[in-house]
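Topology and contacts: notes
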Amino acid sequence: MHISEGILPSKILISGYVITGVTLWYSLRQLNRQSNPSEGIPQAALLTAAFFIASGIQIPIPPASVHFVLNGLLGAVLGWYGFPAIIVGLLFQAIMFGHGGLTTLGINAVIMGIPALIAGFLFHIRHQIKFPLRKSLSLQLFGFLAGIAGVGLSALLFFSIVIINLPSTLDQQLEKTAIYGLMFAHIPLILIEGFFTAMVVSFLQRVKPEILIN
């Protein structure tokens, strides 16, 4: 779910960097307000590595092949650390795997990073919303919602931006048909990531619950 170089006009690329810069500044500001801003760095580094590796795990879902994103998981577990973690992961993916590029790093960070923050918000409002469910079931439910929100919103942003900004030199109808096919291929991925996120947060609750306190 990376936008490659040479597709988007320069105004979109610049806007992507502006939005990324502002969001990164705000995320770091929120982290600096914590009593110990460096406390979450170890798990941020671990999940950044997972995010980096996930793009190499291909899942064949006809008519295309998709890969894990895990941005919902990063948002749920890392909170405000999620956005800078995704930027670092995207940078290394672009340099080492050729996924995306340096000119599209800003817009790709917007596509994957902002949904991660939204997913984190959804996950943590479980403390404010009281359901008649056991704590473990509530955790799994909101973990599932975070997982599907992260990749679902990213897919929506990705396909919207690409379709609106298709270069006029391409066969518009052919490209849109291919994009719509790729959209449908992401529906199973959204559900898979939802269940996977629910499983991971449930596991963390059992072995290291302090990670999920915030």
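Residues numbered from 1 in each chain as written. Predicted model: local features only at pLDDT ≥ 70, side-chain atom pairs only at ≥ 80, totals over all residues. Heavy atoms only, no water.

Bringing the layout of surface pockets into the picture now. Gaps left between atoms are located by rolling a probe of water-molecule size over the structure's atoms. Put simply, the second largest pocket is a space of about 380 Å³. Every residue lining the second largest pocket is counted, 23 residues in all, and those nearest its centre are M1, H2, S4, F158 and L182. Those elements that place two or more of their residues in the lining of the second largest pocket are strand 2 (64–67), helix 6 (135–164) and helix 7 (172–207). Per element, the largest residue contribution to the lining of the second largest pocket is 5 residues, and it comes from helix 7. Counted by class, the lining of the second largest pocket contains 13 nonpolar, 9 polar and 1 charged residues. (1 Å grid on protein atoms, 1.4 Å probe; cavity = no way out; pocket = protein on both sides within 12 Å on 5 of 7 lines; lining within 4 Å. Points joined across faces, edges and corners; volume = space filled by probe spheres on them. Helix = DSSP H or I, 4+ residues; strand = E, 2+ residues; numbered from the N terminus. Nonpolar A, V, L, I, M, F, W, Y, C, P; charged D, E, K, R; others polar.)

A positive phi angle, close to 70°, is found at L70, a residue other than glycine. When you line up the elements, L70 lands in the loop between strand 2 and helix 3 (71–78).

All right, on to the packing of aromatic side chains then. Counted by the stated rule, this structure contains 7 aromatic pairs. Seen from their ring centres, Y26 and W80 are 5.3 Å apart, and the 75° between their planes marks the pair as edge-to-face. In this pair, Y26 sits in helix 1 (residues 10–32) while W80 sits in the loop between helix 3 and helix 4 (82–97), placing the two residues 54 residues apart along the sequence. Summarising the aromatic geometry, the rings of F158 and F159 are spaced 5.0 Å apart at their centres and angled 80° between planes, so their arrangement reads as edge-to-face. Residue classification places F159 among the buried residues on the basis of a relative accessible area of 5%. Within the aromatic cluster, the residues linked to one another by ring pairs are W25, Y26 and W80. (Phe/Tyr/Trp six-rings, centres within 6.5 Å; stacked < 30°, edge-to-face > 60°. Buried < 20%, exposed > 50% of the residue type's maximum accessible area, 1.4 Å probe, protein only.)

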